[in-house]
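Each chain, letter by letter, is given below.
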Amino acid sequence: MKSFSFKMSGMNYSNTTIEEYVYEIWKEHDNTLNGWQDFFENEDVRAEIIQISNEIDKIVHESNPETIIYPPLEYVFYAFMLIPMDQIKVIILGQDPYHSNEGEAMGLAFSVPKNIRIPPSLANIYKVLQADGLITEKPKHGRITKWSKRGVFLINTALTVKAKNPNSHKKIWENFTKILLNYLNENISEQQVAVLLWGSPAQKLGQIFSGILAENYDEKDPPNPITRGFYKIICTHPSPLSAYKASSSCESFMKSKCFLSCNQYLLACNKSEINWKI
């Protein structure tokens, strides 16, 4: 499986557009776009990429010269580069890239490079994995690319962000995200995919997916696999602001056993479970 981004000396948002990156640089290196060619060549997707590209290009060239956008251009579509669509077993929806400091955002939901301090949400993810016996000790870093290589599509709902300005590009990517989720719903609904929907924004978008909502995890009562549609596992967001609080519609993240539920469903579908070790 290919896992790379394409780096070119001096390439950045001021001299290369997102459209150029996808359809010239990435495609030149990999004509299949890592198994996503049909998606990116879709007429609606291409039109949306052009629109996003123009909006971000306008921001870069008409705003303060000091404006910084994360992640680096070559990592905007990194989630797609790590896993072909037909190998997706689990989808985790994030929000937007880390925005506070340079070097944090790397194009994967919740992931940071090895030299970056583990963010609070990811630290809570590790706590749940450890409490549920899926990892034996807390990882020493936050680079979770191995999950992608094992079948987890770690996709943010906005793929860029202005430095120190959360949700600043949410509207720019909103339509692209809806197109993507609808495309996945139409094209991989028979792959028996589990979707982890953490927090109300993800759960609202998750309504795009057909399928069923998971019941509370019960070790002795595995779910029945569905032949078409998605197995949607909901709980609150792993952020420290919400991780310990249940909502009116779902369990708290810390008590949800969402990773156990995910693996239990995959096993019920005669698939290998996800190894959550880093």
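Conventions we followed
- Residues numbered from 1 in each chain as written.
- Predicted model: local features only at pLDDT ≥ 70, side-chain atom pairs only at ≥ 80, totals over all residues.
- Heavy atoms only, no water.
- Helix = DSSP H or I, 4+ residues; strand = E, 2+ residues; numbered from the N terminus.
- Polar contact = N/O pair within 3.5 Å; in protein donor to acceptor, adjacent residues only side chain to side chain.
- Contact = heavy atoms within 4.5 Å.
- Expected span 1.5 Å × (residues − 1).
- Buried < 20%, exposed > 50% of the residue type's maximum accessible area, 1.4 Å probe, protein only.
- Pairing = 2+ DSSP bridges.
- Patch = residues over 30% accessible without salt bridge, like charges linked within 9 Å, V, L, I, M, F, W, Y side chains within 5 Å.
- Areas by Shrake-Rupley, 256 points an atom, 1.4 Å probe, with all protein chains shown as cover.
- Salt bridge = Lys/Arg side-chain N within 4 Å of Asp/Glu carboxyl O.
- Lys, Arg positive; Asp, Glu negative; His and termini not counted.
- Charge placed at Lys NZ, Arg CZ, Asp CG, Glu CD.
- Axes fitted to C-alpha atoms, helices over the stretch in contact; angles between N-to-C directions.

(A) Region of the structure containing the side chain of asparagine 124. In this fold, asparagine 124 is placed in helix H5 (residues 120-131). Within the structure, asparagine 124 has its side chain in polar contact with the backbone oxygen of proline 238 (distance 2.8 Å). Apart from residues no more than four positions distant in its own chain, asparagine 124 is found in contact with Pro238, Ser239, Pro240, Ala243, Tyr244, Phe253 and Met254.

(B) Structural detail: helix H1 (residues 18-29). Helix length check: H1, at 12 residues, gives a terminal C-alpha distance of 15 Å against a target of 16 Å (1.5 Å per residue), a fit within 8%. Where H1 is buried, its residues touch helix H2 (37-40), helix H3 (43-62), helix H4 (78-82) and helix H7 (170-187).

(C) Up close: the pairing of strand E5 (residues 194-198). In terms of burial, E5 is largely enclosed, as 5 of its 5 residues are buried. Pairing analysis gives 3 bridges linking strand E2 (residues 90-93) to E5, with the strands arranged parallel. Paired with valine 90 across the two strands is alanine 194, which belongs to E5. Here 5 bridges tie E5 to strand E7 (residues 230-235), and the two strands are oriented parallel to one another. Bridge pairing links leucine 197 to isoleucine 234 in E7.

(D) Region of interest: a negative patch on the surface. Taken together, the side chains of Glu215, Asp218, Glu219 and Asp221 present a region of like negative charge at the surface. Along the polypeptide, glutamate 219 turns up in the loop between strand E6 (211-213) and E7.

(E) Quick peek at the sheet that holds E6. If you walk across this open sheet you meet the 5 strands as E3-E2-E5-E7-E6, and the pairing is parallel. Strand pairing shows two members of the sheet lacking a second neighbour, strand E3 (152-155) and E6, which therefore form its edges. The average undirected angle you get between the axes of adjacent strands in this sheet is 20°. Of the pairings in the sheet, the one linking E2 to E3 comprises 4 bridges and is parallel in character. Looking at E3, one finds that isoleucine 92 is bridged to leucine 154. Of the strands in this sheet, E2, E3 and E7 touch H7, which is tilted by about 160° from E3. Docked against the sheet, helix H9 (residues 258-268) engages E2, E5 and E7, running at close to 165° with respect to E5.

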